[in-house]
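# Observations on the three-dimensional arrangement
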Amino acid sequence: KVTGLWIGIICIAFGILVLALPKILGWLVGIFLITIGILAIVGGEMMTLPITGLVIGIVTVIFGVVVMIFPKILNYLVGIYLIITGALAIIASL
């Protein structure tokens, strides 16, 4: 059974990993965002209006590139979130 203690430990471990190795998460998220953005641009029918798919696709590609160039932006937010979530889960399980 997965308890709050285990969830807390896992969150803190991943939070530290993300903060220690920022390029891993930045590259994965950046590649994902660029891929999703290209798919939205090419196949805009995912959205109700074709122009919406185009705009969302362009913004997503730009955001993906920014995350890949400045990976610490994303990593600090995710790392801090995971550490706080993990600590709260451990406290709640005691």
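Heads up: these notes are all about the structure in this document. Everything numeric here is computed off the predicted structure, so don't read it as measured data.

### Re the overall build of the chain
Helix and strand content of the chain: 4 helices and 0 strands. Going from the N terminus to the C terminus, the chain shows its helices and strands as α-α-α-α. By the burial criterion, 27% of the 94 residues in the chain qualify as buried. Taking as baseline every contact in the chain between residues at least 6 positions apart, the subset at least 24 positions apart corresponds to 77%.

### Some points on helix α4 (residues 71-93)
Given a rise of 1.5 Å per residue, 23 residues ought to cover 33 Å, and the 33 Å separating the end C-alpha atoms of α4 matches this to within 8%. If you check which residues of α4 are buried, you get Pro 71, Leu 74, Asn 75, Gly 79, Leu 82, Gly 86 and Ala 89.

### Section: the environment of Leu 19
Residue position: Leu 19 is located in helix α1 (residues 4-20). Judged by its relative accessible area of 32%, Leu 19 falls in the partly exposed class. Between the C-alpha atoms of Leu 19 and Asn 75, which are 56 residues apart in sequence, the distance is 6.1 Å. The residues touching Leu 19, leaving out its near neighbours within four places in the chain, are Asn 75, Tyr 76, Gly 79 and Ile 83.

### Details of the side chain of Thr 60
Here Thr 60 shows up in helix α3 (residues 50-69). Taking the relative accessible area as the measure of exposure, Thr 60 reaches 14% and is therefore buried. Beyond its immediate stretch of four places on either side in the chain, Thr 60 contacts Leu 33, Ile 36 and Gly 37.

Definitions and limits used
- Residues numbered from 1 in each chain as written.
- Predicted model: local features only at pLDDT ≥ 70, side-chain atom pairs only at ≥ 80, totals over all residues.
- Heavy atoms only, no water.
- Helix = DSSP H or I, 4+ residues; strand = E, 2+ residues; numbered from the N terminus.
- Buried < 20%, exposed > 50% of the residue type's maximum accessible area, 1.4 Å probe, protein only.
- Contact = heavy atoms within 4.5 Å.
- Expected span 1.5 Å × (residues − 1).

Limitation: the analysis is restricted to geometry and does not speak to function.
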